[in-house]
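# Working through the structure, step by step
The chain contents come next:
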Amino acid sequence: MAQSFNFSLDERPINVSLIKCSPVLEILANELTVHVSSVAQVNSNCFTLIIDGKKKTVWWARDDDAIYIRFDGRTHTLSYRDAISASQQAGVSDNVIKADMPGIVVNTNCNAGDSVKLGDVLIVIESMKMQISILAPRDGVIKEVNIVANATFEKNAELVSLEEKE
Amino acid sequence: MARIKSIIQTDSIEFQENYRHNKGLAEELKLKQREARYDRPQKDIDRLAGHGKMMPRERIEKLLDPGTPFLEFSTLAANMAYKGDSPSASCITGIGIVNGKEVIINANDSSVKGGAWYPLTVKKIVRVLDIAIENRLPIIHLCDSAGGFLPLQSELFPDKYMAGRMFRNQSTLSKMNVKQLALVFGHCTAGGAYVPALSDYSVIVRGTGAVFLAGPPLVKAATGEIVTADELGGCDLHTQVSGTCDYPADSEEEAIAIGREIVEQWECPKKWPLQKDEVEEPFYSADDLYGIIPTDIKKSFDMKEVIARVVDGSRFHEYQPAYGTTLVCGYANIWGYKVGILANNGVLFNESALKGAHFIELCNQNNTPILFMQNITGFMVGREYEAKGISKDGAKLIQAIVGSHVPKFTIMCHGSFGAGNYGMCGRAYDPRLIFSWPNHQIGIMGGEQAAKTLAEVKLRQLERRGETVDQAELDKVYHETLEAYQHQMSAYYATSELWDDGIIDPTDTRNALGIAISASLNAPLSEQGYGIFRF
Amino acid sequence: MFESILIANRGEIACRVIRTAKELGIETIAVYHHVDRMAPHVKAADRSVELLGDTPTAAYLDIEQIIKAANETKAQCLHPGYGFLSENAAFAEAVEKNNIVFVGPRPEVIKLMGDKIISREFARKAGIPIAPSVTQTDDLSKFLKEAEKIGFPLLIKASAGGGGKGMSIVNEVASLEKQAKTAMSEAERYFADSRIYAELYVENPRHIEVQILGDGRGNIIHAYERECSIQRRFQKVIEESPAPALSVELRDQICAAAVDLASKAKYLNAGTVEFILSPDGSFYFLEMNTRLQVEHPVTEMVCSLDLVKAQLHIAASKTLPYKQSEIKQSGHAIECRICCEEPHNDFRPATGDIKILSVPVASDIRFDSGIAQGQTISAAFDSMIGKLICFGEDRDAAIKNAIGGLNDLVILGVSSNIDYLGQILKATDFKEMIIDTGFLEKNKATLLFEPLSEKGISTVATMAALSLRDFKALALETPEPYASMGAWRNL
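A quick note: this is a predicted structure, and the numbers were derived from the prediction, not measured.

Attention now goes to the overall build of chain C. When helices and strands are tallied, chain C shows 20 helices and 23 strands. Against the 2.2 N^0.38 benchmark of 23 Å for 491 residues, chain C shows a C-alpha radius of gyration of 25 Å, consistent with a compact globule. Here the C-alpha coordinates of chain C stretch approximately 95 × 60 × 45 Å along the principal axes. Looking at chain C as a whole, 59% of its 491 residues qualify as buried. Across chain C, contacts joining residues at least 24 apart in sequence account for 66% of those joining residues at least 6 apart.

Printed below as a string of C-alpha cells:
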C-alpha cells in the first residue's frame, strides 16, 4: 500500500518500494527483499553499492521514460514514468486551444486532419505588437482550425481544436 | 550511565498472569484500532472506489515516505460516542515523514458519513492543529468532507474550541510561518472550504475535488441557481479562474505526487540542538512490560523496571535516589535524545513533590525535555501531611511544570487519580503529547473510593433525616457509582473524549516518544520563567 | 612533410587521421554535414568546411564539393579514410588533377583492385593461389554448368561487390540458378553492375589478411597478418593480430604472397591483401583493399607502428618509412568493433542519443571513436561508432584485457553490441582458438544472455530505483530516528 516506484522490464511491471533505510537498506523489488548498503556516488551517472552481499559498480542513464542500467558487463533497459505527467504541470486540460489575449492571425500552419507533434507551430498570432507562436500542446490530430490568416479574435476565442486522445 | 538492574522474575506466576492479562489488553486494543481504521460498510467502500477515490489511509500511505514511521493520534477518539457512528472521530491525524520532513497529517475520513464533522471530529482536528502550533510542524490537510454534521451543530459550531477554532489555528500557524498544504480529493464544503483557502499551497483533483462555501443543493435553495459541483467549485474553476487552488491534478496519485514535490521545496526545519547521544536499544525487552504491569489497579510496581524497557541501553542516571523515593527522577536517553524522567513509585509525599519540582527546574536549566510516567493515586492525605504543607508542596510541583520552557511528554502507565494527575503533568498541563496504555484508569478518585464515599454520604443523609437505613439501597448507591466510575475511568472512555492523544501498546512507547521528541525540537524553546513558589 | 591535410571522411577514422596529422604538425581540415556540426572530428580539426547535401551520406560522397573545399582551404593532401570515397578511382583522379596529394594508391590500382573479377585474374597471373572459380559471361546456362563442375558448396559474389552485398552460399545444384539470378539482381541494384562470379566455397574458412605498404615502384613491405574470422554476415566483428594457431611457415607464405601481389601491382601506400584460409592449410586470394582498414590498429599495436604516419610519409616522399627487418611482431592485440545495434533483436541498427559515454583509460587499451556524450546516433551513417583495441603479452592476456575494457566501456542511451562482444570473448571456443567465419552462427546460443532470474530482476529494478533522485533521497537521506525506526505504526 505504501508509495512504490513502478518500472517495467520487457513489458513486465515491477514495483520497488522501501521497507527500511537503516542500518542497511531493505528494498522490496519484484516482491523479493533486497539488501543494499554502502551506496557511493562515483560520478553523476555511476555509483557503487553492496547488493545482497556483492559489490557492484552500476552505470545508469535516463532518457525520458527509459532507464538504462549497466553492471557486470550487461546493460538493461527499463521503463519508468514519473508520477506527475508533464501535460498536467502545464495545466493542459482539454482539446481546445484558446487565445490568451485578443489579436490578429498572422498565418496558420495546420489544417483539419493533420497529425501534429508536441511543440509544432500551429498558428502564429500577433498581439500587442508581438508575434506569438501557438504550439501543439501534445501529439495529436487537428480536429478543426477555427480562424484564417488576418482574422482578428478576442480573448478566449477557440483557435484550434485537437481530436480527443485515444 | 549505569544500566538499571532488573529484578523481575519472568518465570514467576505473577509475571505470567500479568503477561497474559496485559497482552490480552494489547490484543484488544489492536482489534479495536483495526475496526476503527478499516471496518466500513461495503457500500461506502464501493462508493469511494466508484468515484475513483482511494481510502483515506491509502492516501496517507502513498503520501508518506516509504520505510518511515507514522505516529497516529487518537485512533479510538469517539469510540464510545455517537453509538460508534464516527470511528476515529471521522478523521485521521498523526505525525509522519514526507521527503524526510516531519509533518502533521490531517485527513478527513470520507468513508464515514462523507467525512462529516462530528463534535469530537472538531475536537480532534483542533487538537492536531494545536500540536502543529506547539511543535511548529508543517501540516498537510487531506480534504474530503461534507462539512459539519448538522444534527449536532450546537456541539460543534458555536463555542471557543469548536469549528471556528480550526481556522483560527490555521491562521495562527500561518502567522508563525508554519507551512500548510491542502490536497483536495473531495468536497470542501462550507467551513471546510477554508481549509484549502487558508493553506499556503493547494492541489485539487480534477473531477472529484471541489471547494465551495455552499454546495449545489444550498445554492439552489438560496438563489435558485442550478449548477454542478464541478462547475461551482471544481478543479478548473479554482486553478484557472478563482486562484483558490494552485495545482490541478488528474488523479489522486498525481495530487499526492505533486504534494510530495511541494514538500520537497520546503526548507529543512531548523531544530534546536537537544543533546543527542548514540542510539542504543534497551537492554531489557519491551515485551517484559506486559508482565510488569499488574492486573489490579491497586497493586504497585517498580517504575524503574518500566524505565529500563523504554530508554536507551536501559541506562538511567537517578537523581536523589535516596530522597522522596516515591517519585523516581533522573536522566536517560530515548532514541539518543536526552530526557529527564519523573515516574511514580507510590503516593506523593512532601519530599517527593519537592524533589520533583527541583528536578523539573534542573531539566529547564539544562534544556532537557521532561517525560512524566504516571501511576499515581494522589498526594498523601492526613493531618500530619497537611501540617507539613502537602498542599503548598504539591502547588510547587504544579508551578514548576507550568513554568517549564522545555517540551513535556506524559505517558499514562496505570492509574491517574486526583491531584496526582496535575502534579504529573496531566492533559491540562500542556504536555506536547500524552499517550495512555490500555490498562490505564483516570478519575478524580478511584472507583471503589468514590463508591464508598458516596455510600457513606447517603448513610449520613438517611441518619440525619432519621430514616431507617436500608442496606440494599446503600449497596445500590455503591454499585451504581462504581459502575459509572469504571465506565468513565477506562482508557477507552478517556481516549474517546480526547483526554489523551491516543492509547498505545506499552511496547510502542519508545517509538512514540522518539517521534514525539524529534518533532518537538521544531519549536524553539520558549522564555524561561517561574511564578512565586510558596515556601 | 605536408603543411595541411583535408580529411574527406567523418567519425572515428577522421579523428584517427587528425590525431596523427596533429602529432606531425600538419594543419587539419575536416569536412562535415550539418548533422555532424558538433561531432568530435569537427571539434578535433583545426579548420572545417561544411558540405551541403540532401542526405548526410550524399554530402560525404560529393566529389565536387570536397575538391572545392580542399582547394579553398589550400589543402596539400587529402586522406580519404575508409568507406565513402576511399576506393573511388574517379575521386582519387580528381584529387590529383587538382594538384592535391591523394593519401592512397594510384587511381589505376584502385580501379584494378576494385573489380573482383579483374583483380582475381591479376592475382592468378601473378601466381597467387585463387579458389577454383568461374566468371559469368553472357551465357548464363554455360556459367551455371561450369559452376556446377567446381562442386558444392559454392560462393556467388558480385564482381563489383563488397561488404557482403550480393553474396550467397549455394549448397546444391537445385538452387544454383535461382540464387545466381538473385545475386545478379542484387548486384545490379547495389553496384549498377550485374556481373557475378562463382567460386569454391571453402568450408570452415578463416579470414586472414596482410597489411602492406608500397612505394609505387614495386618495393613492398608487410606488417604481418590479421585474423578477421569473427564475422556476422561477412561483416567483421572482432579482429586480432597475430592470427591464433597459425604456423610461422604458413604465415610467412601468406605474407610473401601478399607482398608478391602488391609488388606486381606497383602498389603505392597502405593496402591490405585478404585471403581465405582453409582448415587444411591451403589459402586463396580473396581481394585487396586499397585503403587503410578499419582494423589497422591491431597491427599498429603488435608492430609498434603508426600506419597513418607511414601513409603520410609515403604520400609525401614516395619512399617507404621502414625496412622490412625493422618491423617486428610482438604481443597480441584484439579489436572489437562497437556498433549501435540490438543483438537481442537480430542486430537491428539502433538509434538514439548517447546519454552516457565512459571510456576505459589504460596504456594497453585504445578506444578509437568519433563519438561524444550527448551525440545523436542516427540511421544516416554506418552503425559502427568506434573500436576498442586491447593489447596483451599473449593472446590470453589480450582477451582478459579486452573483457575488462568492454566492461569499462559504457555507452548508454542507445543500444550497442558491447555486451555481446564481451560474450564472444568469454566463449570457450574463442579462448581455445576454435575459430572460423561461422563462429558466431555456431556459438549463437551461448552468445546471447539468458533471461534474468526473478532475483536478477529484483537486483536490476533496485539499481534502477537507486538511480532515481527521489528514491535515492528517500533511501539515503531519511533522517534519524526515522531511518532506523522503519515503517513502524502504532497498530
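More follows now that the structure is in view.
Let us now look at the overall build of chain A. The helix and strand tally for chain A stands at one helix and 16 strands. Computed over the C-alpha atoms, the radius of gyration of chain A is 24 Å, more than 25% above the 15 Å expected from 2.2 N^0.38 for a compact globule of 166 residues. C-alpha atoms of chain A, sized along the principal axes, occupy 70 × 35 × 25 Å. Taking all 166 residues of chain A together, the buried fraction comes to 39%. Partitioning the contacts of chain A with sequence separation of at least 6, the portion at a separation of at least 24 is 35%. A total accessible area of about 9300 Å² is found for chain A, and carbon and sulfur atoms account for 48% of it.

Attention now goes to the packing of helix α13 (residues 395–408) of chain C against helix α14 (residues 418–426) of chain C. Residues and elements named next belong to chain C. At a minimum axis distance of 9 Å, the contact between α13 and α14 shows a crossing angle of 160 degrees. Between α13 and α14, the crossing angle belongs to the class labelled roughly antiparallel. Regarding α13 and α14, the two cross each other, and that crossing is left-handed. Contacts between α13 and α14 involve Ile399, Ala402, Ile403 and Leu406 on the former and, on the latter, Ile418, Leu421, Gly422, Leu425 and Lys426. Along the lines of polarity and charge, the residues of the contact of α13 with α14 split into seven nonpolar, one polar and one charged.

The next thing to look at is the packing of aromatic side chains. In the structure shown here, the tally under the stated rule is 24 aromatic pairs over all chains. Seen from their ring centres, C:Phe430 and C:Phe439 are 6.2 Å apart, and the 75 degrees between their planes marks the pair as edge-to-face. C:Phe430 sits in the buried class, given a relative accessible area of 0%. Residue C:Phe439 is classed as buried on the basis of its relative accessible area of 2%. Aromatic ring contacts, followed pair by pair, group B:Phe15, B:Tyr19 and B:Tyr290 into a single cluster. In this structure, B:Arg510 is placed above the aromatic ring of B:Trp335, and the distance from its NZ or CZ to the ring centre is 4.9 Å. If you follow C:Arg10 out to its NZ or CZ, it ends over the ring of C:Phe381, 3.4 Å from the centre.

All names here are of chain B. What the rule picks out here adds up to four cavities of 30 Å³ or more. Of the voids in this model, the largest cavity is the one considered here, and its volume is about 70 Å³. Around the largest cavity, the lining residues are Asn106, Asn108, Trp117, Ile125, Leu129, His141, Cys143, Met166, Gln170 and Val195. Within the residue set of the lining of the largest cavity, elements represented by two or more residues are β3 (101–108), α4 (119–135), β4 (139–145) and α6 (163–175). Its residues placed into classes, the lining of the largest cavity shows six nonpolar, four polar and no charged.

Take the sheet that holds strand β22 (residues 384–392) of chain C next. All names here are of chain C. The eight strands lie next to each other as β14-β13-β10-β11-β12-β15-β22-β20, forming an open sheet whose pairing is antiparallel. This sheet does not close on itself; its edge strands, each paired only once, are β14 (283–289) and β20 (365–369). Between one strand axis and the next, the sheet turns through 25 degrees on average, direction left out of account. Sheet topology places β20 next to β22; five bridges connect them, and they run antiparallel. Following the sheet pairing, Phe367 is matched in β22 by Leu388. On top of the sheet, helix α11 (residues 296–303) reaches β10 (206–215), β11 (220–232), β12 (235–241), β15 (332–339), β20 and β22; it is set at about 20 degrees to β22, its chief contact.

It is worth spelling out the pattern of salt bridges at this point. All names here are of chain C. Inspection of every chain in the model, using the stated rule, returns 78 salt bridges over all chains. Put simply, Arg337 and Glu239 hold a salt bridge, and the shortest N to O gap is 2.6 Å. Residue Arg337 is found in strand β15, and its partner Glu239 is found in strand β12; the two are separated by 98 residues along the sequence. Residue classification places Arg337 among the buried residues on the basis of a relative accessible area of 10%. A salt bridge links Lys431 to Asp396, with the nearest nitrogen and oxygen atoms 3.7 Å apart. Of this pair, Lys431 sits in helix α15 (residues 428–431) while Asp396 sits in helix α13, and the two are 35 residues apart along the sequence.

As a further point, take the interface of chain A and chain C. How big an interface is tends to be reported as the loss of accessible area on association of its parts. At the interface, 46 residues of chain A touch 41 residues of chain C. Carbon and sulfur atoms make up 70% of the area that chain A and chain C hide from each other, which totals about 3900 Å². A salt bridge links C:Lys455 to A:Asp52; the nearest nitrogen and oxygen atoms lie 3.1 Å apart. Where the side of chain A that touches chain C is concerned, the elements lending two or more residues are β1 (5–9), β2 (12–20), β3 (25–29), β4 (32–43), β5 (46–51), β6 (54–63), β7 (66–71) and β8 (74–80) of chain A. With seven residues, the top contributor of residues to the side of chain A that touches chain C is β6(A).

Per-residue confidence for chain A averages 88 on the pLDDT scale, and 93% of its residues sit at or above 70. For chain A, the element scoring lowest by mean pLDDT is helix α1 (residues 86–90) of chain A, at 49; β5(A) scores highest, at 97.

A word on the environment of B:Gly259. All names here are of chain B. Take Gly259: it is sitting in helix α11 (residues 252–265). Using a relative accessible area of 0% as the deciding quantity, one classes Gly259 as buried. The spatial distance from the C-alpha of Gly259 to the C-alpha of Leu183 is 7.1 Å, given a sequence separation of 76 residues. Excluding its chain neighbours within four sequence positions, the residues that come into contact with Gly259 are Leu181, Leu183 and Val203.

All names here are of chain A. Residue alternation in β3 divides its side chains into a buried set, Leu25, Ile27 and Ala29, and an unburied set, Glu26 and Leu28. Pairing of β2 with β3 involves four bridges; the strand directions are antiparallel. Each bridged residue has a counterpart across the sheet, and for Lys20 the counterpart in β3 is Glu26. From the end of β2 to the start of β3, which pair antiparallel, there are four residues. Where β3 meets β4, five bridges bridge the pair, whose relative direction is antiparallel.

Quick notes on the rules
- Residues numbered from 1 in each chain as written.
- Chains lettered and ligands numbered in written order.
- Predicted model: local features only at pLDDT ≥ 70, side-chain atom pairs only at ≥ 80, totals over all residues.
- Heavy atoms only, no water.
- Helix = DSSP H or I, 4+ residues; strand = E, 2+ residues; numbered from the N terminus.
- Rg over C-alpha atoms; globule rule 2.2 N^0.38 Å.
- Buried < 20%, exposed > 50% of the residue type's maximum accessible area, 1.4 Å probe, protein only.
- Contact = heavy atoms within 4.5 Å.
- Areas by Shrake-Rupley, 256 points an atom, 1.4 Å probe, with all protein chains shown as cover.
- Axes fitted to C-alpha atoms, helices over the stretch in contact; angles between N-to-C directions.
- Parallel < 35°, antiparallel > 145°, perpendicular 65-115°, else oblique.
- Left-handed = near helix turned anticlockwise from the far one by under 90°.
- Nonpolar A, V, L, I, M, F, W, Y, C, P; charged D, E, K, R; others polar.
- Phe/Tyr/Trp six-rings, centres within 6.5 Å; stacked < 30°, edge-to-face > 60°.
- Lys NZ or Arg CZ within 6 Å of the ring centre and 35° of its normal.
- 1 Å grid on protein atoms, 1.4 Å probe; cavity = no way out; pocket = protein on both sides within 12 Å on 5 of 7 lines; lining within 4 Å.
- Points joined across faces, edges and corners; volume = space filled by probe spheres on them.
- Pairing = 2+ DSSP bridges.
- Salt bridge = Lys/Arg side-chain N within 4 Å of Asp/Glu carboxyl O.
- Buried area = accessible area lost by both parts, 1.4 Å probe.
- pLDDT = per-residue confidence, 0-100.

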